[in-house]
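Structural overview
Take a look at the letters that make up each chain.
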Amino acid sequence: VQLQASGGGLVQAGDSLRLSCAASGLTFSSYTMAWFRQAPGKEREYVARFSYAGRGTDYADSVKGRFTISRDNAKNTVYLQMNSLKPEDTAVYYCAARSGPASSATKSYNYWGQGTQVTVSS
């Protein structure tokens, strides 16, 4: 299984970015896909998830209303549209896949991508 995240970059506060995560080696539609992030010196934290079989989305309070997760099962890809970015959104963003019911627990995800850096300047 491979998860390849891309789309990070350096932006200014208030800007937008869209992250992508292309998956291979798994039955994509059967997996809950999620985004996590890790800022320097902090633990990895949950950002958003899109449950398998179209069972809905969920967001961390810190990004609710600003970020949107979506998935394209035909392309085996999950996206994270990030609007109104803030300096506190600066982190390495990771996509993850879980076989089973939706979860926001880091340790419950089976597969992880390599991460993509998002830096938001003030």
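A brief structural summary. Given the structure is predicted, the values throughout are model-derived calculations rather than measurements. (Residues numbered from 1 in each chain as written. Predicted model: local features only at pLDDT ≥ 70, side-chain atom pairs only at ≥ 80, totals over all residues. Heavy atoms only, no water.)

1. Some details on the pairing of strand β5 (residues 45-50)
With five of six residues buried, β5 lies mostly within the body of the structure. Bridge count for strand β4 (residues 31-38) against β5 is five bridges, and the pairing is antiparallel. Following the sheet pairing, W35 is matched in β5 by A48. Here three bridges tie β5 to strand β6 (residues 57-59), and the two strands are oriented antiparallel to one another. (Buried < 20%, exposed > 50% of the residue type's maximum accessible area, 1.4 Å probe, protein only. Helix = DSSP H or I, 4+ residues; strand = E, 2+ residues; numbered from the N terminus. Pairing = 2+ DSSP bridges.)

2. Considering the pattern of salt bridges
Evaluated as defined, the whole model comprises five salt bridges. With its nearest N and O atoms 2.9 Å apart, the salt bridge here joins D89 to R37. Here D89 is found in the loop between β8 (77-82) and β9 (91-99), whereas its partner R37 is found in strand β4, with 52 residues between them in sequence. Residue D89 is classed as buried on the basis of its relative accessible area, which comes to 0%. (Salt bridge = Lys/Arg side-chain N within 4 Å of Asp/Glu carboxyl O.)

3. Regarding unusual backbone geometry
Within the chain, N76 stands out as a residue other than glycine whose phi angle is a positive 55 degrees. As for its placement among the helices and strands, N76 is situated in the loop between β7 (67-72) and β8. Owing to a relative accessible area of 24%, N76 belongs among the partly exposed residues under this scheme. Residues other than glycine seldom take positive phi values, yet S84 does so here, at roughly 50 degrees. Counting through the fold element by element, S84 comes out in the loop between β8 and β9.

In short, the description is geometric, and any link to function would need to be established separately.
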